[in-house]
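# Analysis of the macromolecular model
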Amino acid sequence: MSVSTMRLTIAELLAGLTTAGPDDLHTEYRRLVGALWHDGELTDEAAAAVPALVAYLDEAGDDRRGYVIILLALLAEAEYPVVDGAVATAVRGGLDRYLDLAGDAVAGRPLTLALLYLLSHFPGDRDRILAAVEHLELDPDDLSRLDRALSTLDLDAPDLGTLWPSPSVWVLTEDEREFHQEWLQTLTPGQATTAWENDTRTLLGYSGAMAYWAVRFGAPAATREVASPDGAGSFGYPIEAPFDGSGTEMFARHADAFSCPSCRGTLGFAHDMVRCEACSTRYPIARGVLDLSAGVREPDVLDDATAGLLSRLGEMPGLGVHYEAVLRPAFLRIAGANWGGAVTPADEDAYLVRRIRPVDGPVLDLAAGAGRWTAVVARAVGKDRLIALDIDLAMLGALRDRLPGVPAVRSSAFDLPFGDATLGAVNCWNALHAFPDDAARAIAEVGRVLRPGGTFTMMTFLFDSDPIVRYFQSSHYFPSRVEGMLLFEMDEIRRWLADAGMTVRDASGPGSFAFITAVRT
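Quick look at the structure, then.

Rules and cut-offs
- Numbering of residues starts from 1 in each chain and follows the order in which that chain's sequence is written.
- With the structure being a predicted model, the display of local features is reserved for residues of pLDDT at least 70 and the display and counting of side-chain atom pairs for 80 or more, all residues being used for whole-chain, interface and lining totals.
- The side-chain values count all of the structure's non-hydrogen atoms but skip hydrogen atoms and water molecules.
- Helix and strand assignments follow DSSP, with helices taken as H or I runs no shorter than four residues and strands as E runs no shorter than two, numbered in order from the N terminus.
- Relative accessibility decides the category of a residue: with a 1.4 Å probe and only protein chains considered, values under 20% of the type maximum give buried, values over 50% give exposed, and everything between is partly exposed.
- At least two bridges found by DSSP between two strands is the condition for calling them paired.
- Orienting the strands away from the viewer, one traces the path from the first strand over the helix to the second; a clockwise path indicates a right-handed crossover.
- For this analysis, residues touch if any pair of their heavy atoms sits within 4.5 Å.
- Axis lines are fitted through C-alpha atoms, for helices just across the contact stretch, and the angle between N-to-C directions can take any value from 0 to 180 degrees.

### Some thoughts on the overall build of the chain
Regarding its fold elements, the chain presents 20 helices and 14 strands. Its C-alpha atoms give the chain principal-axis dimensions of about 75 × 50 × 40 Å. Per-residue burial for the chain yields a buried fraction of 56% across its 521 residues.

Here it is in structure tokens:
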């Protein structure tokens, strides 16, 4: 912790918290936290300090109580997945006091959010806790988060993968439920247990980050997202008519830019087929989606691959829209501390339209997802210049329905299927943190395919300077990264861009948001 404790006793640290004025309150709190907890780990003084922290709740006003309640939750959480460790048990010793405070609480207020975060750590007291908060009439998001955090894993019917940012926002169709159940059946007991623990950490991270922000700055803006009206995509963007045909002609107009992922040879686009002219590898194409992630050599195998591509495009059909309407706004809150709505989709749109400046050549929307920002790029540069690329077929299926005039490519960001200096601009919005261990490699690929003068626009997130916020950021678990979320420092992003032959023209954004424009030199 950057704030020195100067070997103060817990009584002295609590006294400093009590007497601190508004300008010093956060500094005194970080001093207190640093004496007992550091980056998710307990200090030697933590266990002995818990009784004093619980007793302090009787003395402090609500503004100071909220801070200490969050500290108690952090101490209990440090032993997770053990829920009956020495410190967690000591924190649980104050449960009667926490429930007394909950009895006088009002839904949505900072102190209440802090209490919900703390109470989420005591699954052994599930029934008692749920009964104590019933009078609050919590909104479905808060209640379902608390309910899931207080649950225990049932390996015969595990509740996994459909709970963030709250279980209440996941409403699956019959086909989606069937697809999800098929995935659950592939997990071993060990994998299911790990997934359960990571899901729980992710929920606790979201609840804790929201409560910590609320205690510092006031009640957060409304967090529940509402799907757009029928016939419209997320955020009101229209969904055009479903795509019909293979779409080979859309890719053919960018033939000079494409290269074979297998040998870097030239791709040929003709008669509903994509084939490398150098190594004869064939790639499936269906409904305007070209799968360059795995090629085949035999023509009859290509037919099977194309049929498989069509089938897989129908998996989890609502996931793309659900991501845009619910998951992405929630992710901006946990990664960017956007609880007050300081950054809006309109802000992101405006930055992108203002900054993207392509030279000659196609424009790539890299890691395009369901197409929310592909649509913005299309309005800025025109659909005819645009190519969308992602590795997730469910997302590309949603993108295809939204933007049938834009060719969509399934491929890796680490080995882009384009020749050197063939693209006029590249955009990568809200995606780099999804593959943080390979971020430098992806940026190097952008530098390789960009033409001189072309822009690279990007939005990602930085680790917060506050170690508590940083801890909550790291508590978000992508399915592809079991170690937790890894964000960036601005210095390392600048270094990666420079190594890729790009010069930063703008690096801005509030808090831990990073809006970046770089130019290929």
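So much for the structure itself; the text now carries on.
### Section: the pairing of strand 11 (residues 423-429)
Counting buried positions over the seven residues of strand 11 gives seven, a clear majority of the element. Here three bridges tie strand 8 (residues 363-366) to strand 11, and the two strands are oriented parallel to one another. Along strand 11, the bridge assignment pairs Leu364 with Val426. In this fold, the crossover linking strand 11 to strand 12 (residues 450-461) by way of helix 18 (residues 439-449) has right-handed handedness.

### A few points about the sheet that holds strand 14 (residues 513-520)
Across the sheet, which stays open at both edges, the nine strands sit in the order 6-7-10-9-8-11-12-14-13 with mixed pairing between neighbours. Single-partner strands in this sheet number two, and they are strand 6 (285-286) and strand 13 (502-508). Note: strand 6 against strand 7 (residues 289-291), two bridges, orientation antiparallel. Each bridged residue has a counterpart across the sheet, and for Ile285 the counterpart in strand 7 is Leu290. Against the sheet, helix 20 (residues 490-499) touches strand 12, strand 13 and strand 14, its axis set at about 150° to strand 13.

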